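So the chains spell out like this:
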Amino acid sequence: MDHVLHLRSLLSGRTFRPDEIDYVDPEFGPEGIVDVVYDYDLIGRRISRESLRRDENHSIWRYRPLLPIEPDSPLPPLQIGWTPLYETPGLAASLGLRHLWVKDDGRNPTASFKDRASAIAVVKAQERGAKIVTTASTGNAAAALSGICASVGQANVIFVPEKAPAAKVAQLLAYGSTVMLVRGTYDDAFELCLQAADAYGWYNRNTGFNPYMSEGKKTATLEICEQLNWHAPDAIFVSVGDGCIIGGLHKGLKDLLALGWIERMPRLIGVQAAGSNYLAEAWERGEDVFTKPPIPAETVADSISAGLPRDRLKAMAAVVETNGAYITVSDDEILAAIPLLARGSGVFAEPAGAAAYAGLIKAVAQGLVSADERIVVLNTGSGLKDVVGAMKGVELVKTQPYRVDPDLEDLRRVMATL
Ligand SMILES: *Cc1c(COP(=O)(O)O)cnc(C)c1O
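Cut-offs applied
- Residues numbered from 1 in each chain as written.
- Predicted model: local features only at pLDDT ≥ 70, side-chain atom pairs only at ≥ 80, totals over all residues.
- Heavy atoms only, no water.
- Helix = DSSP H or I, 4+ residues; strand = E, 2+ residues; numbered from the N terminus.
- Expected span 1.5 Å × (residues − 1).
- Buried < 20%, exposed > 50% of the residue type's maximum accessible area, 1.4 Å probe, protein only.
- Contact = heavy atoms within 4.5 Å.
- Polar contact = N/O pair within 3.5 Å; in protein donor to acceptor, adjacent residues only side chain to side chain.
- Patch = residues over 30% accessible without salt bridge, like charges linked within 9 Å, V, L, I, M, F, W, Y side chains within 5 Å.
- Areas by Shrake-Rupley, 256 points an atom, 1.4 Å probe, with all protein chains shown as cover.
- Salt bridge = Lys/Arg side-chain N within 4 Å of Asp/Glu carboxyl O.
- Pairing = 2+ DSSP bridges.
- Axes fitted to C-alpha atoms, helices over the stretch in contact; angles between N-to-C directions.
- Parallel < 35°, antiparallel > 145°, perpendicular 65-115°, else oblique.
- Left-handed = near helix turned anticlockwise from the far one by under 90°.
- Nonpolar A, V, L, I, M, F, W, Y, C, P; charged D, E, K, R; others polar.
- Near = heavy atom within 4 Å.
- 1 Å grid on protein atoms, 1.4 Å probe; cavity = no way out; pocket = protein on both sides within 12 Å on 5 of 7 lines; lining within 4 Å.
- Sits in = over half its atoms within 2 Å of the grid points.
- Phe/Tyr/Trp six-rings, centres within 6.5 Å; stacked < 30°, edge-to-face > 60°.
- Lys NZ or Arg CZ within 6 Å of the ring centre and 35° of its normal.

*Asks:* What's the story with helix α4 (residues 115-127) in this structure? I'm lost.
*Replies:* Owing to its 3.6 residues per turn, the α-helix brings residues three or four apart onto one side. Look at α4: 18 Å from first C-alpha to last across 13 residues, which is about the 18 Å you get at 1.5 Å a residue. Most of α4 is tucked away: 11 of the 13 residues are buried. For α4, the set of buried residues is D115, R116, A117, S118, A119, I120, A121, V122, V123, K124 and A125. Looking at the packing, one finds that the buried side of α4 touches β5 (99-104), β6 (132-136), α5 (140-152), β9 (203-204), α8 (213-217) and α9 (219-227). Count one or two residues on from α4 and you reach G129, which has phi positive near 65 degrees.

See below:
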């Protein structure tokens, strides 16, 4: 990894060689999050916008020289990333906007954005010869780790809150993970996983704690800018729980600016559920997220339920340094956004994915975006992850199916009422 200069502690600025620490700055324990610092001159000699144009690898690995992995590490076979960026003129017009795109990360192999990070975790674990990989998760990070481990035969132990949606638990069991349903919240599962990894010597993927997860997540902004022909958008809307995705998006954009591949920094707009609004509250009040205590978190969008966002330092910097904003949306706004997004774009999102679109609706209403801005909304997870949530959403926009007898007469009767 000669392209990685060092790992830099966000809290003390101290730097470490990548072989010196696996996860965090030891001075601060699990809170001592570090950032991967690259040699952009070297990277710029290995990859360019022109070399990418000729590259037929359509996955996150097309950006391999920008990723914190060894040059000869084997890569998992599943196709991760290079998800479609759809231009959605109908949806744009419905909001009075002119340029709107939806990037559909529900199209990843385990059906969420988390595949981008878990892929890096599996490569790092195998570089270290780890027998077992572990993570705590609200569901999707677990499903992603589980699926990618299955693709390479890597043993793993997963900790999820016992209330995780059935579809996500089903994925874990189908992929053959050892699954611990923790009687408690995601935050409880996170702590238990940290202790278990330490006690058993497992490789830990935990969000925030593992510095390489943001590096996997950054591939989404590398893709967005490349898909827009290196003409960066004005704003990107993304839902936020732990804050690793938004921090990763920011990192990808900083990489591109450092390489001189884009000209300016888009605004990052983080969307939180009203019932899990730690970062939005801290941003509005100007609070220090290192000292702000956890809040109780409760939302239908289980993937963004986080009482103490683990990657909050990077998540706050992402919004502050890009002149962005945090927005909150209610559970009903999130659920109603599922059918609204689906009808306007054909993209079916789980609640946490639709939350980003609910945030855009609110931003338009509040005059936070102007009509000619170029805007990207990120769908982070497939609607099939949470069918119960989708059904609540369609009820909120007052759509229901019709019941007919299996004969044309009865169909005529029903059609006449429409
Ligand atoms: C994890 C997740 C998020 C939020 O990502 P954070 O890094 O926790 O902020 C949003 N949407 C979906 C579907 C997710 O799985």
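*Asks:* Which parts of the structure should I look at to understand the side chain of T219?
*Replies:* Along the chain, the position of T219 falls in helix α9. Relative accessible area serves as the criterion here: at 0%, T219 is assigned to the buried category. One polar contact links T219 to R116, side chain to side chain, over a distance of 3.0 Å. Setting aside anything within four residues of it in sequence, one finds T219 in contact with I60, Y63, L67 and R116.

*Asks:* Just checking my understanding: could you explain the environment of P77 for this structure?
*Replies:* Among the secondary structure elements, P77 is positioned in the loop between α2 (49-54) and β4 (85-87). By relative accessible area, P77 is classed as exposed at 60%. The spacing of P77 and K292 is 215 residues in sequence and 41 Å in space, taken between C-alpha atoms. Excluding anything up to four places from it in sequence, P77 contacts S151 and V152.

*Asks:* How should I be thinking about a nonpolar patch on the surface in this particular structure?
*Replies:* Side chains of Y402, V404, L408, L411, M415 and L418 sit close together on the surface and give an oily, nonpolar patch of about 610 Å² of accessible area. Its location among the elements puts L418 in the segment after α16 (408-416). Using a relative accessible area of 59% as the deciding quantity, one classes L418 as exposed.

*Asks:* I'm lost on the sheet that holds strand β10 (residues 235-239) in this one. Help?
*Replies:* Within a sheet, neighbouring strands are paired by backbone hydrogen bonds and run either parallel or antiparallel to one another. Strand order in this open sheet of six strands is β4-β5-β13-β10-β11-β12, and the pairing throughout is mixed. Among the strands making up the open sheet, the edge pair consists of β4 and β12 (325-329). Strand-to-strand twist in this sheet, taken as the mean axis angle between neighbours without regard to direction, amounts to 25 degrees. Bridge count between strand β11 (residues 267-273) and β12: five bridges; the pairing is parallel. When the sheet's bridge partners are listed, V271 is paired in β12 with I327. Together, β4, β5, β10 and β13 (374-379) form the strand contacts of α9, whose direction differs from that of β5 by roughly 135 degrees. Running at roughly 175 degrees to β11, helix α10 (residues 244-259) makes contact with β10, β11, β12 and β13 of the sheet.

*Asks:* Even after reading the chapter, I still don't get the packing of α10 against helix α12 (residues 312-321), so can you show me in this structure?
*Replies:* Angle between the axes and distance between the axes are the two parameters that describe a pair of packed helices. Taken N-terminus to C-terminus, the directions of α10 and α12 make an angle of 55 degrees; their axes are 7 Å apart at the nearest point. The angle between α10 and α12 falls in the class oblique. The two elements α10 and α12 meet at a crossing, and its hand is left-handed. Residues I246, G247, H250 and K254 of α10 touch α12, and the partners they reach there are K314, A315, A317, A318, V319 and E321. Looking at the contact of α10 with α12 residue by residue, the classes come out as five nonpolar, two polar and three charged.

*Asks:* Quick question: what am I supposed to make of the site of the ligand here?
*Replies:* In the vicinity of the ligand lie 16 residues, with K114, N140, D242, G243 and T380 positioned nearest. A distance of 2.7 Å separates a nitrogen atom of the ligand from a polar side-chain atom of T380. Relative to its unbound accessible area of 380 Å², the ligand is 98% covered by the protein chains. If you map the ligand onto the pockets, it falls in the largest cavity. Of the residues contributing to the shell around the ligand, the split by class is five nonpolar, seven polar and four charged.

*Asks:* Before we go on, may I ask you to explain the packing of aromatic side chains in this structure?
*Replies:* Pairs of aromatic rings are described using the distance from one ring centre to the other and the angle between the two planes. By the definition in use, this model includes six aromatic pairs. An angle of 85 degrees between the planes, with centres 6.0 Å apart, marks the rings of Y186 and F190 as edge-to-face. Of the two residues, Y186 and F190 are both situated in helix α7 (residues 186-200); the distance of four residues between them amounts to about one turn of the helix. Centre to centre, the rings of Y200 and W202 are 4.8 Å apart; their planes meet at 10 degrees, and the pair counts as stacked. Through pairs of rings, three or more aromatic residues link up here, namely Y23, Y203 and F209. For K292, the ring lying beneath its charged end belongs to Y278, and the centroid distance is 5.2 Å.

Geometric descriptors of this kind do not, in isolation, establish any biological role.
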